[in-house]
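Residues per chain are reported as follows:
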Amino acid sequence: MSAQAPRPRRWGLAGRNLVVAVPYFWLLLFFLVPFIIVLKISFSEARIGIPPYAPLLSWADGHLVQIKLNFATFTTMIEDSLYWKAYLNSIKVAAISTVFCLLIGYPMAYAIARAQSTWRHILLMMVILPFWTSFLLRVYAWIGILKNNGLINNFLMWLGVIDTPIVMIQTDFAIYIGIVYSYLPFMILPLYSNLEKMDLTLLEAAADLGSRPFKAFLTITLPLSMPGIVAGSMLVFIPAVGEFVIPELLGPSDSLMIGKVLWSVFFTKRDWPTACAVAIALLLLLVIPIVLLQRAQNAEARGAHR
Amino acid sequence: MKSRGTFRLSVLVFGFAFLYIPILSLIFYSFNKSRLVTVWAGFSTVWYGRLLENNQVLDAAWLSLKIAAVNATGAVILGTLAGLSLARFGKFRGRTLLSGMTTAPLVMPEVITGLSLLMLFVVMEGLFGWPEGRGVTTITIAHITLTVAYVTVIVQSRLSTLDDSLEEAAMDLGARPSKIFFVITLPIIAPALISGWLLSFTISLDDLVIASFVAGPGSSTLPMVIFSKVRMGVSPDINALASIIVLLVTIGVVIAGIGMARQEKRRLRDMQMAAAG
């Protein structure tokens, strides 16, 4: 035990190590190691058999005799425009959905954070509640709303605004609706927790000095809520890029989303190496957003301790 | 001032309408007599009866509930240990990696998590003969890995907002660390553990993509059954199922909310009494 330790150690070293080791071991084995295996398989050659890929390393008498790296899956991915289009399209869809989530979520988070404290908890619970009900069923609900004889079209035809139904289901529009709807709580919650603990005296000071509310919002509230904006945006963007269920159920059958491509390569073509290569490429795409998220969350955590 | 109040109110009304109309429409049409879900043909509870006769759905629901309960328990144990390590042990070797491994699963696209876990299970079976085939065990392991992250975040944030003077006082009085944990820390973070358990339970109950990757023949979970039905188009018994789930979740969340509010109140009162005494 060192003298300059900021506080006495209340866990014995053995106990401490045990507490850390159990979750550490679990996450290493079931979260980190799988990525290494995926990386390895992405360099293998597809073959018919169980498992459906060829081994990278050949062993003879306990000696490594051959390492066979196969870049074919990656070159195919680069040459085949399908993968490129799916990547770019996924980024586009996720980015646009994130912007819409922010445009809807920010005012909501703001209104909740500035509501009376008795209301605040109820409103917050109402944001979280849909998140607890099945994601799959909430996406399914939109089929009933958007389809040709669905809720919106029936309503508009009943009003007499339109004669023939507007085609909304199986379009990109439906994908955007589905993503914005499903991920909105992920945007609101970090924004709310940021806006809620904001120091309101700053705004009062600005008002006293003659600043108009809108200007005070732009120069004080918005910059201060930046960590919340970044965290919320990344919480929407990252999972949306790889989304499978929403484009599958609401989008056109030929919609190019990378999560759908990965799914069909794996389940329909049964091409494990290519599926792994797609996963690796998707992972690389997400490194920067994940780092941004981590930094935003650290900034928030530091703010909370101050 | 007045116009800003109206603005906020309309934002909330529109926002919550967007969040709730789909759910309400699901419930509304579950009472529709017609097979064409969105064409109203009169009130009926026929689809609820049909649902209760559907053994495929019931078996899948039972399987999902079992997996969800085991998963939630495992996730709470591991997540508490991880949250405790991150919040109370200061800097230790590998802390950054642990914190990364408990944040990344939260946002990782499910297709990646599912695929990579399946690859692990296949390789492990080849090397050690375990896990034998794929099914309930592999789904549970996959779900624990995913939901540990949520529990860790909840426990860690609860512990870091908590001042550790009680724990320090107990230590000064000579209590052993494990005793301090079970007698002091655990009761204080109990609400966080309950919400972590419930969250893990619902996430597991809800997961389609990861389960589809790591499930084997004969281990179809509820979302997998729903998905295969929904792919064929809307069907009214799914609406009935959705309504039942919404009802159960609402009851659960409201009870948990009231319980937590009550406990918070008691804690505040105790603190005030302690301060006054």
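Let's shift gears to the overall build of chain A. When helices and strands are counted, chain A shows 13 helices and 2 strands. Taking all 306 residues of chain A together, the buried fraction comes to 42%. Taking the intrachain contacts of chain A between residues at least 6 apart in sequence as the baseline, contacts between residues at least 24 apart amount to 71%.

For chain B, the helix and strand inventory stands at 11 helices and 0 strands. Starting at the N terminus, the α and β elements of chain B follow one another as α-α-α-α-α-α-α-α-α-α-α. Referenced to the eigenvectors of the C-alpha coordinate spread, the extents of chain B come out at roughly 70 × 70 × 35 Å. The buried share of chain B, reckoned over its 277 residues, is 42%. In chain B, of all internal contacts separated by at least 6 residues, the share reaching a separation of at least 24 is 76%.

The subject of this paragraph is the confidence of the model for chain B. For any part of a model where pLDDT is low, the fine detail of the predicted coordinates should not be relied upon. Residue and element names in this part refer to chain B. Averaged over chain B, the pLDDT score is 87; the fraction of residues at 70 or greater is 97%. The weakest mean pLDDT in chain B belongs to helix α11 (residues 236-276) at 82; the strongest belongs to helix α9 (residues 209-214) at 94. Predicted complex metrics record ipTM = 0.85 and pTM = 0.86.

This part takes up the confidence of the model for chain A. Looking at chain A, the pLDDT average stands at 84 and 88% of residues meet or exceed 70. When pLDDT is averaged over each helix and strand of chain A, the minimum, 58, is found for strand β1 (residues 57-60) of chain A and the maximum, 94, for helix α3 (residues 81-113) of chain A.

Right, let's get into the packing of helix α1 (residues 13-42) of chain A against helix α5 (residues 110-128) of chain B. Here α1(A) crosses α5(B) at 85°, and the two axes come no closer than 8 Å. In terms of orientation, α1(A) and α5(B) fall into the roughly perpendicular class. Between α1(A) and α5(B), the contacting residues are A:F30, A:V33, A:P34, A:F35, A:I37, A:V38 and A:I41 on the first element and B:L115, B:S116, B:L117, B:M119, B:L120 and B:V123 on the second. When grouped by side-chain class, the residues that make up the contact of α1(A) with α5(B) number 12 nonpolar, 1 polar and no charged.

All names here are of chain A. Interhelical geometry of α3 versus helix α10 (residues 226-241) gives an angle of 145° and a closest axis separation of 9 Å. Classified by chirality, the crossing of α10 by α3 is right-handed. Along its contact with α3, which presents S90, I91, A94, A95, S97, T98, C101, L102 and G105, the element α10 presents I229, G232, S233, V236, F237, A240 and V241. When its residues are assigned to classes, the contact of α3 with α10 shows 10 nonpolar, 6 polar and no charged.

Turning to unusual backbone geometry, a few remarks are in order. Each neighbour pair has its own omega, and for B:W130 with B:P131 the value is -5°, a cis peptide bond. With respect to the element layout, B:P131 can be found in the loop between α5 and α6 (136-161). The backbone of A:Q170 shows a phi angle near 60°, a positive value even though the residue is not glycine. Following the sequence through the fold, A:Q170 ends up in the loop between α6 (151-159) and α7 (172-196). For A:Q170, a count of 20 C-beta atoms within 10 Å gives the class buried. Positive phi outside glycine occurs at A:R270, with the angle close to 55°. When the 12 C-beta atoms within 10 Å are taken as the criterion, A:R270 is described as exposed.

Our focus in this paragraph is the interface of chain A and chain B. Listed as interface residues are 73 residues of chain A and, on the opposing side, 67 residues of chain B. No other element matches α1(A), which puts 18 residues into the side of chain A that touches chain B. A per-class count over the side of chain A that touches chain B returns 58 nonpolar, 11 polar and 4 charged.

The next point concerns the environment of A:F155. Here A:F155 shows up in helix α6. Along the chain, A:F155 and A:V99 lie 56 residues apart, while their C-alpha atoms are 28 Å from each other.

Reading the values: rules and limits
- Residues numbered from 1 in each chain as written.
- Chains lettered and ligands numbered in written order.
- Predicted model: local features only at pLDDT ≥ 70, side-chain atom pairs only at ≥ 80, totals over all residues.
- Helix = DSSP H or I, 4+ residues; strand = E, 2+ residues; numbered from the N terminus.
- Buried ≥ 20, exposed ≤ 12 C-beta atoms within 10 Å, placed from the backbone.
- Contact = placed C-beta atoms within 7 Å.
- pLDDT = per-residue confidence, 0-100.
- Axes fitted to C-alpha atoms, helices over the stretch in contact; angles between N-to-C directions.
- Parallel < 35°, antiparallel > 145°, perpendicular 65-115°, else oblique.
- Nonpolar A, V, L, I, M, F, W, Y, C, P; charged D, E, K, R; others polar.
- Left-handed = near helix turned anticlockwise from the far one by under 90°.

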